[in-house]
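# Structural overview for review
Listed below, chain by chain, are the residues.
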Amino acid sequence: MRTTKAVPARPVLFTALALTTAGSLLLTPQTAVADPPHPQPPHREAALDRNAARTPTSAAQRALATAGAGSEAIADDSRGYPRRQVLTPDPENPADKSIKLGLTPYHAVAPKLNALQALGDRVSVEVAGRSAGGHRLYLVTVTGPESARQARAQARMRELIENAPALAAKSPEIRKTYKAPVFVNNNIHGNEWEGTDASLRAIERLATATDGRTRDLLAHSRLYFNITANPDGRIAGTRTNANGFDMNRDFVTTTQPEVRAMRQIMVDKQPAVMLDLHGYVNGTLIEPTTPPHGENYEYDLFLKNTYANALGMEAAVNSLGYTPGKDGVEPAQIPFRDQQEGWDDWPPIFTPQYAAFHGTVAAHTVEIPLAVNNEEYDTLPTAELRRRSAINVDVAGAALSATLDFVRARRASLVADQIEVFRRGAAGAAQVPVSEETVPGVPGIGPEDVYTTSFPRAYVIPAGTGTQRSATAAARLVDHLLAHDVRVTRAAHAFRLGGTTYAKGSYVVDMRQPKRGLANVLLADGRDISDRVSAMYDISGWSLGRLWGASVTTLPEVPYGVLRPVRAAAPVAYVAPRGDLRLRLDDPNEIAALNSLLRQGVSVRQAVDGSAIVPGSARRPAAQAARTYDVAFHATKLSGTTPLHRTRVAAAVTSGELFALREMNFEVTPVSTGVLNAGFDWSSVDALFVSTGLDHDGLTPGARTALDAFLDGHGLVGRGATGAALGSATGLLAAKPVEGNGDANGVVRVVNSRSALMSGAPDHGFVYAPVWFTDLGPKVRVEQSYATGNPLVSGHWRESEDGSGGPTDAAGRASVISGPHAVLFGTEPLFRDHPKGEFAQVARALFSMAPVSGSD
């Protein structure tokens, strides 16, 4: 679920409904009394990051091993339907948390799907990938039977809709015979279980129903069910997957294999309608959302269809007959109509909002009503939990059934609107601002709902010659764009535009393409929306262009004649044939390559500019590292001054930070207050990184003594308030940390020092509850500062209620500081594994804090 800030309803269609957060509602069958809300209801799941991550290395390795790959083959258009296969059952697991709720445990899914396939010729099952924990991800397709020829015809029409939308809009064949794709996503939060069971129930009904409405639906639609998007969390009863990731925040970065599988489903199947079934908000919450709305959407088309379907789902849920007094179930609510703010669709990190960029014109998060997770799971009687779960399955099923009725009734107009999304992108047409005139039938539209943008003509990503720091970052960014189905071209020779010459091999993203909204949301700076709403639900600013380390600029026109489409970025891997080798350490891949060499015992030194100098005698392992991590080792006459050693890290950090450290090939041992109190072997690590879950005051005397002894000969890298607090408690760095507004987040301008620590660092950073440092002691060095003026480029950063903590307070203040035994970050350089261009700052800090006699 998402939790929201409680605000008054819009003046139109005021409805007094109960909106509650997970863990705040305790119901019995006789009562619907909610606990009083917190004074400041949370609107983000910041609590997830308060405990140090303990995820296993194996899960990260599994995710990273498939980071460059898509999901398993699910787009085979040479086969018709049904596509039956017999699934091997998983071993029975009595510890599966869904059992207590009377729901389907993961080990029962495969046998259930085998049985559903045997019911007739409408149900097909494919494996769309595997989770971070190694579990299969099942994609079920329900449709009327198709021959291979008919399946190929559907694929041809789907391609025409995206690639030639102007022609598709005129196609009688598409109007008459194209099957509208519908995507139902279940259980992306593992401890929000019931969508899976509602979908299994719906599939069984669809497989056997003989009524005319069902036959008509399946003759004119394909229904795709992701049975459980998070089997790891379903089994363990956790919101996150085995890597500790909230996957409903990962669609921009797509670090997790489950998210990459969902992305591929959306790319391959091109759904016109989608549901993302969640819990728990009472009454049932059905999107569309409150402002702010994503400025890169074709929001008029999206709102028209999403609101219309929401009304149908609301009616279906309310008609089930559950009541507050009898069942503890409040009437359904629609945030767009019933709230002013607090449940927005601004960031594309959520599944339905991301789906809109792939042509989905009706997409919904649906939050079913009765909490059965977290505190409720542990404290309520099993009978009460099962009562609630049964109601939740009914509610999810009603929303699903209403959506299928909506698709059956509006198939032609839904497909036409999807075509129009792609047509506008391909033609470079202007967006249509929402109003009561442009979106008839949706009441209450006001200026607060109008968000549009100006798309540039094109973006250019200079690839360089391999000697520039952006070469590896540019290749990563290009491959990432391509994986998201954004079209990229490459210059066959140099060209000149706007007074600038761009080298051969530069990448160009022509913004006249069907998925221009997705291209822009990934590459643009974004916008400062601090003055538009009082608070945001989650992150408000993101930018691969600013945060991933590659140079990204706009072009006033497209250099026709020199561009060629690409399917993959050109490899960067290179090793100079003679002499010593220089490896820049500006990119996470370069850090990973260095760590692989250090693990092999290669002697490496760091130059004054922060780069790594590898002896020519190590050319063979360097060549292997270059191929593995796609980095360049260039000849150099520089000599390193400081030995670099294998650095093993003890880390009390968030799941995203732990994953990023492992992505850079660090050997990481997760720690926390509890781990240290239980006794920790400090001889097994060389540096300590702390951002959460380690409280100096909470340590036993023995653990505190052992920590202090370790830090006496080693160093601390700290991030945020927790890292700064440990730095102060241990006396490692004389500085006063100042916490900004805890709700603030976004892309900020920064000014870097010229030290080895910050050499090559980008001039933008990311903040999430920003921190800065004042009252610096004599041995404290300012490594980075927030820019003067207003440092926020995009996102949401206001003053706190007392007038402090705003961006002007942070302007010009130190954001990263260092001393002989500590480096402290006030920014979020590893946030959710996203700001790749900042990763090297943390890596260099860890190397600098490891002792000179570090382990070999």
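Look above for the structure.
Our subject in this report is the structure included herewith.

### Some details on the overall build of the protein chain
Broken down by element type, the protein chain carries 26 helices and 34 strands. In terms of C-alpha radius of gyration, the protein chain reaches 27 Å, essentially the compact-globule figure of 29 Å for 856 residues. Across the 856 residues that make up the protein chain, the buried fraction comes to 62%. If you take every contact in the protein chain between residues at least 6 apart in sequence, the share linking residues at least 24 apart comes to 80%. When the accessible area of the protein chain is evaluated, it comes to approximately 29,600 Å², of which 52% is carbon and sulfur surface. Each charge class in the protein chain was averaged separately, 85 positive and 87 negative side chains, and the resulting centres sit 8 Å apart.

### A look at helix 20 (residues 619-629)
Residues separated by three or four positions in an α-helix point in the same direction, a consequence of the helix having 3.6 residues per turn. All of the buried residues along helix 20 are Pro621, Ala622, Ala623, Ala625 and Ala626. Elements in contact with the buried residues of helix 20: strand 17 (574-575), strand 18 (580-583), helix 19 (588-599) and strand 21 (632-636). Just downstream of helix 20 lies Asp630, where phi reads positive at about 55°.

### Structural notes on the nonpolar core
Ranked by internal contacts, the top residues of the largest apolar core, which has 151 residues, are Leu113, Tyr138 and Phe225. Sorting elements by how many residues they give to this core places helix 15 (residues 382-427) first, with 17 residues. Look past the residues within four positions of Leu113 in its chain and what remains in contact with it is Leu87, Val125, Tyr138, Val140, Leu200 and Ile227.

### A closer look at helix 2 (residues 109-117)
Inspection of helix 2 places Val109, Ala110, Leu113, Leu116 and Gln117 among the buried residues, and these make up the whole buried set. Seen end-on, helix 2 carries its buried residues on one side only, within an arc spanning 120°. Structurally, helix 2 contributes buried residues whose contacts are with strand 1 (123-130), strand 2 (136-142) and helix 6 (194-208).

### With respect to the pattern of salt bridges
Per the stated rule, a full pass over the model turns up 43 salt bridges. A salt bridge links Glu298 to Arg424, with the nearest nitrogen and oxygen atoms 2.9 Å apart. Taken together, the positions of Glu298 in the loop between strand 7 (290-293) and helix 10 (299-318) and Arg424 in helix 15 put the pair 126 residues apart, joining distant regions of the chain. In this pair, the class of Glu298 matches that of Arg424, namely buried. Across the salt bridge formed by Lys304 and Asp417, the nearest N and O atoms sit 2.8 Å from each other. Placement of Lys304 in helix 10 and of Asp417 in helix 15 is noted, with a sequence separation of 113 residues between them. Each of Glu192, Arg239, Asp246, Arg249, Asp538 and Arg832 takes part in salt bridges that share partners, so that together they form one network.

### A short note on the pairing of strand 29 (residues 764-768)
Two faces belong to every sheet, and in a regular strand the side chains alternate between them. Of all the five residues making up strand 29, five are buried; the element is thus mostly covered by neighbouring parts of the structure. Burial along strand 29 is two-sided: the residues His764, Phe766 and Tyr768 and Gly765 and Val767 are all buried. With five bridges connecting them, strand 28 (residues 745-752) and strand 29 associate as antiparallel partners. Residue Val748 lies in a different strand from strand 29, and its bridge partner there is Gly765.

### Some details on the sheet that holds strand 20 (residues 612-614)
Strand-to-strand pairing in sheets goes through backbone hydrogen bonds, with the strands running parallel or antiparallel. Pairing in this open sheet of six strands is mixed, and the strands run 17-21-18-20-19-22 from one edge to the other. A single partner strand is all that each edge strand has here, and the edge strands are strand 17 and strand 22 (642-644). Strand direction decides the pairing type here: strand 18 and strand 21, joined by three bridges, are antiparallel. Following the sheet pairing, Leu581 is matched in strand 21 by Ala635.

### Some remarks on the packing of aromatic side chains
If you walk through the whole model with that rule in mind, you get 20 aromatic pairs. Considering the side-chain rings of Tyr297 and Phe302, the 6.0 Å spacing of their centres and the 15° angle between planes classify their relative orientation as stacked. Comparing Tyr297 with Phe302 shows no difference in burial state: the two are buried. The interplanar angle of 35° and the centroid separation of 4.9 Å between the aromatic rings of Tyr297 and Phe357 together place this pair among those described as tilted.

### Here's the deal with the pairing of strand 23 (residues 648-652)
Taken across its five residues, strand 23 has five buried, putting it largely inside the fold. Neither face of strand 23 is exposed, since Arg648, Ala650 and Ala652 on one face and Val649 and Ala651 on the opposite face are all buried. Sheet analysis places strand 23 next to strand 24 (residues 667-670), joined by four bridges and oriented parallel. By the bridge assignment for strand 24, Val649 is matched with Val668.

About the thresholds
- Residues numbered from 1 in each chain as written.
- Predicted model: local features only at pLDDT ≥ 70, side-chain atom pairs only at ≥ 80, totals over all residues.
- Heavy atoms only, no water.
- Helix = DSSP H or I, 4+ residues; strand = E, 2+ residues; numbered from the N terminus.
- Rg over C-alpha atoms; globule rule 2.2 N^0.38 Å.
- Buried < 20%, exposed > 50% of the residue type's maximum accessible area, 1.4 Å probe, protein only.
- Contact = heavy atoms within 4.5 Å.
- Areas by Shrake-Rupley, 256 points an atom, 1.4 Å probe, with all protein chains shown as cover.
- Lys, Arg positive; Asp, Glu negative; His and termini not counted.
- Charge placed at Lys NZ, Arg CZ, Asp CG, Glu CD.
- Core = buried A, V, L, I, M, F, W, Y, C linked by side-chain atoms within 4.5 Å.
- Arc of directions from axis to C-beta.
- Salt bridge = Lys/Arg side-chain N within 4 Å of Asp/Glu carboxyl O.
- Pairing = 2+ DSSP bridges.
- Phe/Tyr/Trp six-rings, centres within 6.5 Å; stacked < 30°, edge-to-face > 60°.

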